[in-house]
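# Descriptive structure summary
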Amino acid sequence: MARPRRQVRSARERWERERRYTRVKNRLVACMERSLCETHFARFRSFGEGLEEFCALVSEAAPIVEDEVNVLFPESPNRITQVILQNFKEWLKSAEPVRSVCKLWYQFIRKAHLECDQCRGEAAYLIDSGSEIEDEDADVDED
Ligand SMILES: [Zn+2]
């Protein structure tokens, strides 16, 4: 009988998805906490608000998406540098489902990097040569 077997498989898939969800969430929270100073992390409301949606979408996407996310939210002791943030912005162009959530994250971290030495890791501020993220798809011809 095919039916019970399918149920087993879907239970397993659900379990895998839940595991991936938790893994992504833990990684993001740890990475963000490490990357921002205490004050900016505490003020970063859009992160808490968008986190569940982001993790749910990543956990349902192809495994390669989690690999990409792992590069953008690096393991300890690495943190989100200004260069990684620029890569994050580039990645958002091809990550339509999470774009609206992540646009707010990008903007917040970008601002933190601008005004806070600690969030910037004491590095010099890098001027972004590209444009800011536009609303809708106004930036398609940027390249
Ligand atoms: Zn800060």
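All values derive from a computational prediction rather than experimental measurement.

## Considerations on the overall build of the protein
Counting its secondary structure elements, the protein contains six helices and zero strands. Seen in sequence order, the protein has helices and strands lined up from the N terminus as α-α-α-α-α-α. For the protein, the proportion of its 143 residues judged to be buried stands at 17%. For the protein, restricting intrachain contacts to residue pairs at least 6 apart in sequence, the fraction spanning at least 24 positions comes to 67%.

## Section: the packing of helix α5 (residues 82-92) against helix α6 (residues 96-115)
Orientation of α5 relative to α6, taken along the N-to-C sense of each, is 155°, at an axis distance of 10 Å. Between α5 and α6, the angle is such that the two are roughly antiparallel. Taken as a pair, α5 and α6 cross one another with a handedness that is left-handed. Contacts between α5 and α6 involve Gln82, Leu85, Phe88, Lys89 and Leu92 from the former and Arg99, Cys102, Lys103, Tyr106, Ile109, Arg110 and His113 from the latter. Tallied by class, the residues present in the contact of α5 with α6 amount to six nonpolar, two polar and four charged.

## Observations regarding the nonpolar core
In terms of nonpolar packing, the biggest core is built from 21 residues, with Phe54, Val58, Ile80, Cys102 and Ile109 touching the most fellow members. Of all the elements in the fold, those that place two or more residues in this core are α1 (2-35), α3 (45-60), α5 and α6. Tallying contributions element by element places α6 first for this core, with five residues. When residues no more than four places from it in sequence are discounted, the contact partners of valine 58 are Val24, Val65, Glu66 and Val69.

## Let's talk about unusual backbone geometry
Cis rather than trans, the peptide bond between serine 76 and proline 77 has omega equal to 5°. Structurally, proline 77 can be placed in the loop between α4 (63-72) and α5. For glutamate 122, which is not glycine, the phi torsion reads 65° and is therefore positive. If you trace the backbone, glutamate 122 turns up in the segment after α6. A count of 7 C-beta atoms within 10 Å places glutamate 122 in the exposed class.

## Some points on the confidence of the model for the protein
Per-chain confidence: the protein averages 89 in pLDDT, with 84% of residues scoring 70 or above. Across the protein, the element-wise mean pLDDT spans from 88 in α1 up to 98 in helix α2 (residues 38-43). Long-range and interchain partners of residues 136-143, a stretch whose pLDDT sits below 50, account for five contacts in this model, where long-range means more than four residues apart.

## Considerations on the environment of phenylalanine 44
Residue placement: phenylalanine 44 occurs in the loop between α2 and α3. For phenylalanine 44, a count of 18 C-beta atoms within 10 Å translates into the label partly exposed. Taking the C-alpha atoms as reference points, phenylalanine 44 and phenylalanine 108, 64 residues apart in sequence, are found 7.2 Å from one another. Discounting residues that sit within four places of it in the chain, phenylalanine 44 has contacts with Leu36 and Phe108.

## Some details on α3
Over its 16 residues, α3 runs 24 Å from end to end, which matches the ideal 22 Å to within 8%, given 1.5 Å per residue. By the largest-angle criterion, leucine 51 marks the main kink of α3, which is about 45°. When α3 is considered as a whole, its buried residues turn out to be Phe47, Phe54, Cys55 and Val58.

The rules we used
- Residues numbered from 1 in each chain as written.
- Predicted model: local features only at pLDDT ≥ 70, side-chain atom pairs only at ≥ 80, totals over all residues.
- Helix = DSSP H or I, 4+ residues; strand = E, 2+ residues; numbered from the N terminus.
- Buried ≥ 20, exposed ≤ 12 C-beta atoms within 10 Å, placed from the backbone.
- Contact = placed C-beta atoms within 7 Å.
- Axes fitted to C-alpha atoms, helices over the stretch in contact; angles between N-to-C directions.
- Parallel < 35°, antiparallel > 145°, perpendicular 65-115°, else oblique.
- Left-handed = near helix turned anticlockwise from the far one by under 90°.
- Nonpolar A, V, L, I, M, F, W, Y, C, P; charged D, E, K, R; others polar.
- Core = buried A, V, L, I, M, F, W, Y, C linked by C-beta atoms within 7 Å.
- pLDDT = per-residue confidence, 0-100.
- Expected span 1.5 Å × (residues − 1).
- Bend = angle between axes of the 7 residues up to and from the residue.

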